[in-house]
Amino acid sequence: MRSVLAIAMFLLAFANANAQQWPQRPITLTHGFGAGGNADSLSRLVAGALAESLGVAVIVDAKPGAGGNIASELVSRATPDGYTLILLTGGHAVSAALYKKLRFNPVDNFSFVSLVGTFPFVVATRANSPIKSMADLIASARGQPGKLSFSSVGFGSTQHLTGELLALSAGAKLTHVPYRGGMQPLVDVLSGEIDLIVDTITVTGPAIKAGTLRGLGVSSSAPWPALADVPPIAEALPGFDVTSWIGVAAPAGTSPEIVARLNANLQKAIGDPAFQARLDVLGVRAGSSTPEEMKVFVSSEIKRWNEVIDKAGPERIE
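## Focus on the overall build of the protein chain
Now for step 1: A tally of regular secondary structure across the protein chain gives eleven helices and eleven strands.
Now for step 2: On the principal axes, the C-alpha backbone points of the protein chain span a range of 75 × 40 × 30 Å.
Now for step 3: Across the 318 residues that make up the protein chain, the buried fraction comes to 54%.
Now for step 4: When the accessible surface of the protein chain is split by element, carbon and sulfur atoms take 56% of a total near 13,800 Å².

## A closer look at the pattern of salt bridges
Now for step 1: Taken as a whole and assessed by the stated rule, the structure comprises eight salt bridges.
Now for step 2: Close ionic contact of Arg-25 with Asp-81 constitutes a salt bridge, the shortest N to O distance being 3.2 Å. Placement of Arg-25 in the loop between helix H1 (2-21) and strand E1 (27-31) and of Asp-81 in the loop between helix H3 (69-76) and strand E3 (84-89) is noted, with a sequence separation of 56 residues between them.
Now for step 3: We classify Asp-81 as partly exposed; its relative accessible area is 24%.

## Description of the nonpolar core
Within soluble globular proteins, side chains that are nonpolar generally end up buried alongside one another.
Now for step 1: Judged by nonpolar contacts, the single largest core of 83 residues is most densely connected at Val-46, Leu-137, Leu-166, Leu-174, Phe-275 and Trp-305.
Now for step 2: Ranked by residue count, the leading element in this core is helix H2 (residues 38-54), at eight residues.
Now for step 3: Excluding residues within four positions of it along the chain, Trp-305 makes contact with Ala-93, Val-94, Ala-97, Thr-158, Leu-161, Leu-165 and Val-242.

## What to know about the sheet that holds strand E2 (residues 58-62)
Now for step 1: With mixed pairing, the six strands of this open sheet are ordered in space as E2-E1-E3-E10-E4-E11. On the outer flanks of this sheet lie E2 and strand E11 (285-286), each paired with one strand and no other.

## Some details on unusual backbone geometry
Now for step 1: Looking along the chain, the bond that leaves Trp-22 and enters Pro-23 is cis, with omega of 0 degrees.
Now for step 2: Residue placement: Pro-23 occurs in the loop between H1 and E1.
Now for step 3: Although it is not a glycine, Ala-66 sits at a positive phi angle of roughly 55 degrees.
Now for step 4: Along the polypeptide, Ala-66 turns up in the loop between E2 and H3.
Now for step 5: By relative accessible area, Ala-66 is classed as partly exposed at 40%.

Rules and cut-offs
- Residues numbered from 1 in each chain as written.
- Predicted model: local features only at pLDDT ≥ 70, side-chain atom pairs only at ≥ 80, totals over all residues.
- Heavy atoms only, no water.
- Helix = DSSP H or I, 4+ residues; strand = E, 2+ residues; numbered from the N terminus.
- Buried < 20%, exposed > 50% of the residue type's maximum accessible area, 1.4 Å probe, protein only.
- Areas by Shrake-Rupley, 256 points an atom, 1.4 Å probe, with all protein chains shown as cover.
- Salt bridge = Lys/Arg side-chain N within 4 Å of Asp/Glu carboxyl O.
- Core = buried A, V, L, I, M, F, W, Y, C linked by side-chain atoms within 4.5 Å.
- Contact = heavy atoms within 4.5 Å.
- Pairing = 2+ DSSP bridges.

In structure tokens form, the structure reads like this:
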């Protein structure tokens, strides 16, 4: 009994010593979407802030696919030593609600660090499209069910559910075209390969401001400052309101001391006006949290999306 206790005390002391010496080598910040997209841009912003404050390199590693689930599974199984982190998005909660079974637990397999911010989505079309407004979109989708196509960053992503909720709220049918994230949806909507894009301001904003893309509506209930000229979808469909979020997490079992240091450094970055300004450009409203607050928030988001899917569909995935 004494030997078991001694071993346990030794392991605890070893873990505490490692936490106190952390970080001693580069940290990897994983995300689950394509290069150039919202998650990638935000990961690089967060990585830069953490690298500056921690004094080590923070490497962004994209593992796109399955609406972010590939990256989440990889990180959930990683060694909880503080050297593997993940930038989670609202799609994490959507997947937890939409998939009947995941290869990881979306709450219990993670040590949550902090929320970073919230953002809406934009529904847009190419500038020379005959669809000039949300009212035009609704009328066309009702008149020709399934003819209009819309993009998302993957089946089960928040963009996907936003498009489905738009169709349901309008009493219409749209055809979903899933991508792996990145900028390809924008390329394809501009070329006419698809009719509509449902994506973040990071992806759509520059093209809207350049005049090559027409913003039809933002998914937030009120106008969003980064695209103040694009009206809320709620003006055409009262009550429509979808906002998403980003946050940082680590594998479950990561030392509380390491999580606390990460949280403190993120809190510092998010409170910096220069960092906030860079988030604003990407259409993200800055907002931090404690680790426990993020855990409660993610759990509440999973519950919210479960309720939405129960009412609106689509069918849950095996």
